[in-house]
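Each chain, written out:
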Amino acid sequence: DLNYLKKWFAWHETWAHVDGKPVIFVWNESDCDVARRWKQAGQTAGWYVVLKLFGGYLNCPDQPDSWHQYGVSDSYLENPPFSFTIAPGFWRADQRTARNPRIGRKRFCEQVALMNESGQKWHLVVSFNEWGEGTAVESAVEWQSASGYGDYLDCLHDPVRFGG
């Protein structure tokens, strides 16, 4: 529960905080009742709640602190003024072909630069180490680089320098 997370994890300086409150991103169901319950839980426990957007989310009478889009497309997902989401591709381990083939360093760096310039509150990457969905950006032999961190992490560090 939220109190457990706050007691054992969210106090740490590496946990994201906004306005002094720990941030929690929620992969939620698609209805306003869920937004109401999460808003209430967040207020009660002192959390900054970021829900996954869904059709009609802005019409919900109870709004969380913010919204995000979690997903992968053939490019990037921008949802002003809330989030900008990028991914290197998407290929579930149990599928024969990639839903979104993995993009190379140059294109990923271009997306990172667009994300940095977007002005959206949340800059999201799907994902650091989700190997089962083929979205990992952590260092790997397949995209090793001179820095030792790998092409994708190089791009996140400096998309202009490494994008060429």
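Overview of the structure. (Residues numbered from 1 in each chain as written. Predicted model: local features only at pLDDT ≥ 70, side-chain atom pairs only at ≥ 80, totals over all residues. Heavy atoms only, no water.)

## What about the packing of aromatic side chains?
Then comes step 1: Evaluated as defined, the whole model comprises 12 aromatic pairs.
Then comes step 2: Note on tryptophan 27 and tyrosine 70: the rings are 5.2 Å apart at their centroids and 85 degrees apart in plane angle, and the pair reads as edge-to-face. One end of the pair, tryptophan 27, is in the loop between strand E2 (21-26) and helix H2 (32-45); the other, tyrosine 70, is in the loop between strand E4 (66-68) and strand E5 (77-79), with 43 residues separating them in the sequence.
Then comes step 3: A connected cluster of aromatic rings, assembled from ring pairs, spans Phe54, Tyr57, Trp67 and Phe82.
Then comes step 4: Residue placement shows lysine 52 over the ring face of tryptophan 27; its charged tip is 5.0 Å from the ring centre.
Then comes step 5: The cationic tip of arginine 99 hangs over the ring face of phenylalanine 90; the distance from NZ or CZ to the ring centre is 4.2 Å. (Phe/Tyr/Trp six-rings, centres within 6.5 Å; stacked < 30°, edge-to-face > 60°. Helix = DSSP H or I, 4+ residues; strand = E, 2+ residues; numbered from the N terminus. Lys NZ or Arg CZ within 6 Å of the ring centre and 35° of its normal.)

## Section: the sheet that holds strand E6 (residues 83-86)
Then comes step 1: Spatially, three strands are ordered E5-E6-E7 in an open sheet, and the strand pairing comes out mixed. Each of the sheet's edge strands pairs with one partner strand only, and the pair in question is E5 and strand E7 (122-125). Each strand of the sheet is rotated relative to its neighbour by a mean of 10 degrees, with strand direction disregarded.
Then comes step 2: Lying over the sheet, helix H3 (residues 105-117) contacts E6 and E7, oriented at roughly 175 degrees with respect to E6. (Pairing = 2+ DSSP bridges. Axes fitted to C-alpha atoms, helices over the stretch in contact; angles between N-to-C directions. Contact = heavy atoms within 4.5 Å.)

## Considering H3
Then comes step 1: Counted at 1.5 Å a residue, the expected span for H3 with its 13 residues is 18 Å, and the 18 Å between its end C-alpha atoms agrees.
Then comes step 2: Regarding H3, the residues found buried are Phe108, Cys109, Gln111, Val112, Ala113 and Met115.
Then comes step 3: Once H3 ends, the next one or two residues include glycine 119, with phi positive near 80 degrees. (Expected span 1.5 Å × (residues − 1). Buried < 20%, exposed > 50% of the residue type's maximum accessible area, 1.4 Å probe, protein only.)

## Considerations on unusual backbone geometry
Negative phi is the rule for most residues except glycine; trans is the rule for most peptide bonds.
Then comes step 1: Cis rather than trans, the peptide bond between proline 80 and proline 81 has omega equal to -5 degrees.
Then comes step 2: Cis rather than trans, the peptide bond between valine 126 and serine 127 has omega equal to -5 degrees.
Then comes step 3: Even without being glycine, aspartate 19 reaches a positive phi, approximately 55 degrees.
Then comes step 4: Structurally, the position occupied by aspartate 19 is in the loop between strand E1 (17-18) and E2.
Then comes step 5: By relative accessible area, aspartate 19 is classed as exposed at 68%.

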